[in-house]
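Structure at a glance
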Amino acid sequence: MITFDGIRKAFGARHVLDGVTVNVAAARVTALVGPNGSGKTTLIKILLGLTHPDAGVISIGGTPVDVTGSYRSQVGYMPQAANFPSHLRVGEIVELVTALRGGQARDESLLDAFGLRADWDRPVGTLSGGTRQKLNASIAMMFAPSVLVLDEPTAGLDPVAAATLRDRVRRERDRGRAVLITSHVLSELEELADDVTFICDGTVRFAGSIAQLREATGESRVEPAIVSLMRSVRRADPVSDSAVAPGVATEPG
Amino acid sequence: MSVAGLVFSFRVRDLVRSPWLAAYALGFFAIGESLFWFGGTADQVVLSLLNLVLTVVPLAALVFGVVYVYSTREFTELLLAQPIPRRQLFVGLVGGLTVPLSAAGALGMALPFVLHAGRQAVPVGPLVTLLVAAIGLTAACTALAVLIALWIDDRLRGIGVALGTWLALTLLYDAGVLAIAAAYDRWPLDKVMIGLMLANPVDIARSVVISQLDIPAMMGYSGAVFRQAFGSSIGVAIALLALVSWALVPFLFARRRFERRDF
C-alpha cells in the first residue's frame, strides 16, 4: 500500500535517514519502532509532506506521491501533540478540516464514541490534553482514509479512551486500511501490530511480521522482542537477514 | 471558499476572541480617551498617539506575531498534512494574523475621535494617515515576525531576535542616522537621508503622519529632507509605497521559506 523506497534525509551533517526502504501493507497495522532520534518521526513527516526527502520515492497504492499534496486526501494523520488554536471551538476545528478536505463525507462515530458532542461548542483551550487528543484521533479517522498514520496515539488518553481507540484501529485495519503507528508503549504494539519495522540510526534493522520478530529474537512476546532488538543494535550485533521479510531492504548494522 | 480564505476566516475567529487582542484595542482606546479628557485638541491627540504607534505597534506585531506562530506550530503541521497547497495555507495564516491585529489597533485609535466628534473638529486627514501608517507598520512588522519564527526554530531565540529587531527599528536605527548626520555634516546628505528613512518602516510611518500634521520640527532630519525633496503629496505616496514594500518583501521571503522548509 505505502512504499518508502530509498528515503534519505540529512539535517546538516546529521544523516537522519540513510536509504530507508519500507513497505506498509494494506489491511495491516505496521509498527514503526526504534530508539529516540532513530528517524521514525522524520519518516512519518516525509510521508505527510511536512519534510522534504533528499532522495527516494514514496508511493501509495503504486502511485508515487506528487508535490501538489493531493494524495493527502487518502491519508489520516494523528499527531502526538494535540495543540489547536485555543479560542476555536471543537465544532469549528472539525468544520475547518472538513472544508479543507473539500467537504469529504465524514464518519463521526468516533466523535460520538469519545463523547465529544458534549464539548462541541467549547473552546479547545478549555479542554484537557486527553480530550484534545480524542479530537485529534477523531479527525484522523473521520474521512475514511486508506492510510492512517498514528504518532503515539494513546499518549495522554485515559484507559477507556485508549481501549476505544485501539478497537477503532483494529476496525480500520479490517476495513483494509494501511495503518502506520509509532508508540513507545510496547504492550500496545503487542495488541495492535501485525508487522514491525525497526529503525535505528536512520537505517532499517528489522522488517517483518510479529511471528518473524519472535522467531528472530527468540522471544515469545513483542515487548521483550523489541527490547532485544534495541539491545542487539546497541551491541552492534544486527539481527540476521533471515529475519527480514522478503522484499524489504535492510541496511548493514 | 478558497483554502486561503478558509484558513484566514478561522484564524480571524480565533484571534478576535483572544483577550490579548481585546487588551491591545482597549489600550489604545483608553489612552486616546484620556488624552481627550485631559484637554488635548484632536491634533495633539493624533500626535500623542503617533508616538505610541511608533513604539507599541512594532513591539506588539513583532512579539505577538512570533509567539503566535510558535504556539500554533503543531496546528499548522496538522493543516499541512491536509490535501492543500502550502502557498494558500501560508497566505491564510499570515492574513489571519495581520488583519485582526491591524483592525484592533485601528479601532482602538479611531473610536475616541468618533466619540468626541461632536465636541471638536476631527482632523480627518492626519487621523486617516495615522491609521494607514499604523496598519502598514503592523503589516510590515507581522511579516517580519513570521519570517523570524519560520527561520529560527528555537522559540526563545526567536523572541529574542524579534525584540532585537524592535529595538533596532525604534531606537538604534535613529541613533545610527543621527551619528551619520553628525559625522558627515559638511557633506550633502539629502539623498542618503531619504534612502535611510525609506529603509526603516518606523521612520516612514513617522514622516508620513508628521507631514500631515504640518509640524516639521517633529519630523527629524531625514523627514524634513524628505519633505523638502518631494513635497507633501508625492512624498507621502512614495513613503506609503515604501511601507507597502516593507510588508511585501518580508512576506514574500517568509512565503518562500514556508514553502521550502521542513516541519
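Scroll up to find the structure.
So, here is what we can say about the structure in this document. (Residues numbered from 1 in each chain as written. Chains lettered and ligands numbered in written order. Predicted model: local features only at pLDDT ≥ 70, side-chain atom pairs only at ≥ 80, totals over all residues. Heavy atoms only, no water.)

**Examining the overall build of chain B**
For clarity, the threshold we go by: We count a stretch as a helix when DSSP gives it H or I for four or more residues in a row; a strand needs E for two or more, and each element gets its number in order from the N terminus. Only the C-alpha atoms count toward the radius of gyration. The rule for a globule is 2.2 Å times the residue count to the power 0.38. In this scheme, a residue with accessible area under 20% of its type's maximum is buried, one over 50% is exposed, and one in between is partly exposed, where area comes from a 1.4 Å probe on protein chains only. To be clear on the numbers: accessible area is Shrake-Rupley with a 1.4 Å probe, and residue cover counts the displayed protein chains and nothing else.
On a plain count of helices and strands, chain B comes out with 11 helices and 0 strands. Reading the secondary structure of chain B in the N-to-C direction produces α-α-α-α-α-α-α-α-α-α-α. Its C-alpha atoms give chain B a radius of gyration of 19 Å, within 12% of the compact-globule value 18 Å for 263 residues. In terms of its C-alpha atoms, chain B occupies a principal-axis envelope of roughly 55 × 50 × 30 Å. Counting all 263 residues of chain B, 51% fall into the buried class. Accessible area of chain B: about 11700 Å², with a carbon and sulfur share of 70%.

**Some remarks on the environment of A:Val179**
All names here are of chain A. Quick reminder of the rule: In what follows, residue pairs with any heavy atoms lying within 4.5 Å of each other are defined as contacts.
For Val 179, the position within the fold is in strand S8 (residues 178-182). Take Val 179: its relative accessible area is 0%, and that puts it in the buried class. For Val 179 and Gly 76, which are 103 residues apart along the polypeptide, the C-alpha to C-alpha distance reads 9.5 Å. Beyond its immediate sequence surroundings of up to four residues, Val 179 is in contact with Val 24, Arg 28, Val 29, Thr 30, Leu 148, Leu 150 and Val 169.

**Describing a nonpolar patch on the surface**
The condition is simple: Patches were defined on residues exceeding 30% relative accessible area and lacking a salt bridge, with like-charge contacts within 9 Å and nonpolar side-chain contacts (Val, Leu, Ile, Met, Phe, Trp, Tyr) within 5 Å. One speaks of a salt bridge when a side-chain nitrogen belonging to Lys or Arg is within 4 Å of a carboxyl oxygen belonging to Asp or Glu.
A contiguous nonpolar patch, built from B:Leu111, B:Val114 and B:Leu115 and spanning about 260 Å² of accessible area, is present on the exposed surface. Topologically, B:Leu111 is positioned in helix H5 (residues 86-115).

**Notes on the environment of A:Leu150**
Residues and elements named next belong to chain A. Its place among the elements puts Leu 150 in strand S7 (residues 147-151). Residue class for Leu 150 comes out buried when judged on its relative accessible area of 0%. Taking the C-alpha atoms as reference points, Leu 150 and Ala 13, separated by 137 residues in sequence, lie 29 Å from one another.

**Overview of the interface of chain B and chain A**
Just so we agree on the cut-off: Two parts lose some accessible area (1.4 Å probe) when they are put together, and adding that loss for both gives the buried area. Whenever two N or O atoms come within 3.5 Å, that pair is a polar contact, provided that in protein one can donate a hydrogen and the other can accept it, and provided that, for residues adjacent in sequence, both atoms are side-chain atoms.
Contacts between chain B and chain A engage 25 residues on the former and 32 residues on the latter. At the boundary of chain B with chain A, total buried surface from both sides reaches about 2700 Å², with 61% on carbon and sulfur atoms. Area buried by chain B at its contact with chain A is led by B:Phe10, B:Arg17 and B:Phe75, which between them contribute 23% of it. Linking chain B with chain A are 5 salt bridges. Where chain B touches chain A, the interface holds 17 residue pairs in polar contact (both at pLDDT 80 or more).

**What to know about the side chain of A:Arg168**
By secondary structure assignment, the location of A:Arg168 is in helix H5 (residues 159-174). Apart from residues lying up to four places away in sequence, A:Arg168 is in contact with A:Asp107, A:Ser109, A:Leu110, A:Met141 and A:Arg175.

**With respect to the pattern of salt bridges**
Residue and element names in this part refer to chain A. This model, assessed by the stated rule, comprises 34 salt bridges over all chains. Among the ionic pairs, Lys 9 bridges to Asp 54, the shortest N-O distance being 3.8 Å. Of the two residues, Lys 9 is situated in strand S1 (residues 2-11) and Asp 54 in the loop between helix H1 (40-48) and strand S4 (55-60); the sequence distance between them amounts to 45 residues. What makes Lys 9 buried here is its relative accessible area of 5%.

**Focus on unusual backbone geometry**
Residue and element names in this part refer to chain A. The backbone of Ala 27 shows a phi angle near 60°, a positive value even though the residue is not glycine. By the element assignment, Ala 27 lies in the loop between strand S2 (14-24) and strand S3 (28-33). Its identity as a non-glycine residue notwithstanding, Ala 144 has a phi of 45°, on the positive side. Relative to the elements of secondary structure, Ala 144 occurs in the loop between helix H4 (129-142) and S7. Taking the relative accessible area as the measure of exposure, Ala 144 reaches 47% and is therefore partly exposed.

**Brief notes about the nonpolar core**
Generally speaking, soluble globular proteins have nonpolar side chains that are buried together. Definition in use: Among buried residues, the Ala, Val, Leu, Ile, Met, Phe, Trp, Tyr and Cys ones that are joined through side-chain atoms within 4.5 Å form a nonpolar core.
In this structure, A:Phe4, A:Leu43, B:Met109 and B:Leu130 are the most contacted members of the largest nonpolar core, which totals 149 residues. Top contributing element to this core by residue count: helix H3 (residues 42-71) of chain B, with 17 residues. What B:Leu130 contacts, discounting residues up to four positions off in sequence, is B:Val46, B:Leu49, B:Leu50, B:Val53, B:Met109 and B:Val209. Listed in part, the 7 residues of the second largest apolar core include B:Met197, B:Ile204, B:Val208 and B:Ala239.

**Structural notes on the environment of A:Leu96**
Turning to its location among the elements, A:Leu96 is positioned in helix H2 (residues 90-100). Of the residues examined, A:Leu96 reaches a relative accessible area of 2% and is grouped as buried. Residues contacting A:Leu96, with those up to four places away along its chain left out, are B:Leu6, B:Phe10, B:Phe75 and B:Leu79.

**Section: the sheet that holds S8(A)**
Residues and elements named next belong to chain A. Put simply, the test is: Whether two strands pair depends on DSSP finding at least two bridges between them. With axes taken as lines fitted to C-alpha atoms, and helix axes fitted only over the stretch in contact, angles between N-to-C directions fall between 0 and 180 degrees.
If you trace the 6 strands from one edge of the open sheet to the other, you get S6-S7-S8-S3-S9-S10, paired in mixed fashion. The sheet terminates laterally at strand S6 (75-78) and strand S10 (203-209), the two strands that pair on one side only. The average undirected angle you get between the axes of adjacent strands in this sheet is 15°. Sheet analysis places strand S9 (residues 195-200) next to S10, joined by 6 bridges and oriented antiparallel. Along S10, the bridge assignment pairs Ile 199 with Val 204.

**Some remarks on the side chain of A:Lys45**
For A:Lys45, the location among the structural elements is in helix H1. Engagement of the side chain of A:Lys45 in a polar contact is seen with the backbone oxygen of B:Phe263, the distance being 3.4 Å. When neighbours within four sequence positions are excluded, A:Lys45 is seen to be in contact with A:Leu50, A:Thr51, B:Glu77 and B:Phe263.

**Some words on the pairing of S9(A)**
All names here are of chain A. When you tally the buried positions in S9, you get 6 out of 6 residues, the bulk of the element. Across the two faces of S9 the burial is the same, with Asp 195, Thr 197 and Ile 199 and Val 196, Phe 198 and Cys 200 all buried. Here S3 runs beside S9; their pairing, made up of 4 bridges, is parallel. Residue pairing across strands places Val 33 opposite Phe 198, the latter belonging to S9. Connecting S9 to the next strand, S10, in antiparallel fashion are 2 residues, including Asp 201 with a positive phi near 50°.

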